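The lines below spell out each chain.
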Amino acid sequence: MIAKLFEVRETQGKGKGLFAKEFIPTGTVICFECDKCKVLTGIDPAKMTVKEKEALLDYAYRKKDGTYIAPCDETRYLNHSCNANILGTEQGFDIVVRDINTGEEATYDYRDFYDDLIMNCQCGEENCCKEVTFEHPVPPELLKYWEEKTSAALKLVNEVAQPLREELKGKLDVR
Ligand SMILES: [Zn+2]
Ligand SMILES: [Zn+2]
């Protein structure tokens, strides 16, 4: 489930993307796997072609435990960036790590997912890796880069308005 803060719009060259309808500050929890997000069963990546895997990546992602999750809503339109403004956390939710301005595209770092694909990247960021892989463990420098951003953002969780506060209640540690 993703916070209803975005509209789905065409991007230049990346298909559809999610764009902020309002200013979204660092520390805002943006999405998590809810009961309606589907766990896809019967998928064996060893028997799939690259094309099939790419098609799957369009609407689902693979987790550490090998399961594929198809988010229940527009989460699937969240595009990759090597300098993403949203990152995953150990707590099981994704958080804004850099303020997102109205009209700005929301992005996530797909290198967090598990797969054996290689995806070309043209995010245009200074630190663009050009070829996104989904192999683990991720390089230590990348892990450090993520950890610095997420730990700073997590400190702000109770300082900013949380649009998913009700939905997260009892599940995650957001006051
Ligand atoms: Zn969901
Ligand atoms: Zn990139």
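Scroll up a little and you will see the structure.
Computed from a predicted structure; not experimentally measured.

## Description of the overall build of the protein
Looking only at helices and strands, the protein has three helices and twelve strands in total. For 175 residues, the compact-globule formula gives about 16 Å, and the C-alpha radius of gyration of the protein, at 16 Å, lands near that figure. Principal-axis analysis of the C-alpha atoms places the extent of the protein at approximately 45 × 35 × 35 Å. Going through the 175 residues of the protein one by one, you find that 25% of them count as buried. Of the contacts made within the protein by residues no fewer than 6 positions apart, 69% connect residues no fewer than 24 positions apart.

## Section: the nonpolar core
Nonpolar side chains tend to gather and get buried jointly when the protein is soluble and globular. Residues V29, I30, I86, I95, V96, V97 and A106 are the most contacted members of the largest nonpolar core, which totals 28 residues. Of all elements in the fold, only strand 3 (29–32), strand 8 (86–88), strand 9 (93–96) and strand 10 (105–108) reach the threshold of two or more residues within this core. Broken down by element, the residue count for this core peaks at four residues, all from strand 3. Residues within four places of I86 in sequence aside, it is in contact with I30, D94, I95, V96, V97, A106, T107 and Y108.

## A look at the sheet that holds strand 6 (residues 68–70)
Taken together, three strands build an open sheet; the order of strands is 4-6-5 and the sheet is antiparallel. Each edge of the open sheet is held by one strand with a lone partner, namely strand 4 (38–40) and strand 5 (61–62). Bridging between strand 4 and strand 6 involves three bridges; their strand directions are antiparallel. Bridge assignment links K38 to a residue of strand 6, and that residue is A70.

## Topic: the pairing of strand 1 (residues 6–10)
As paired elements, strand 1 and strand 2 (residues 16–20) share five bridges and run antiparallel to each other. Across the sheet, the residue bridging to R9 is G17, located in strand 2. From the end of strand 1 to the start of strand 2, which pair antiparallel, there are five residues, and G13 there has a positive phi angle of about 85 degrees.

## Some remarks on the pairing of strand 2
In this sheet, strand 10 lies alongside strand 2 in antiparallel orientation, the contact comprising two bridges. Along strand 10, the bridge assignment pairs F19 with E105.

How each quantity is defined
- Residues numbered from 1 in each chain as written.
- Chains lettered and ligands numbered in written order.
- Predicted model: local features only at pLDDT ≥ 70, side-chain atom pairs only at ≥ 80, totals over all residues.
- Helix = DSSP H or I, 4+ residues; strand = E, 2+ residues; numbered from the N terminus.
- Rg over C-alpha atoms; globule rule 2.2 N^0.38 Å.
- Buried ≥ 20, exposed ≤ 12 C-beta atoms within 10 Å, placed from the backbone.
- Contact = placed C-beta atoms within 7 Å.
- Core = buried A, V, L, I, M, F, W, Y, C linked by C-beta atoms within 7 Å.
- Pairing = 2+ DSSP bridges.

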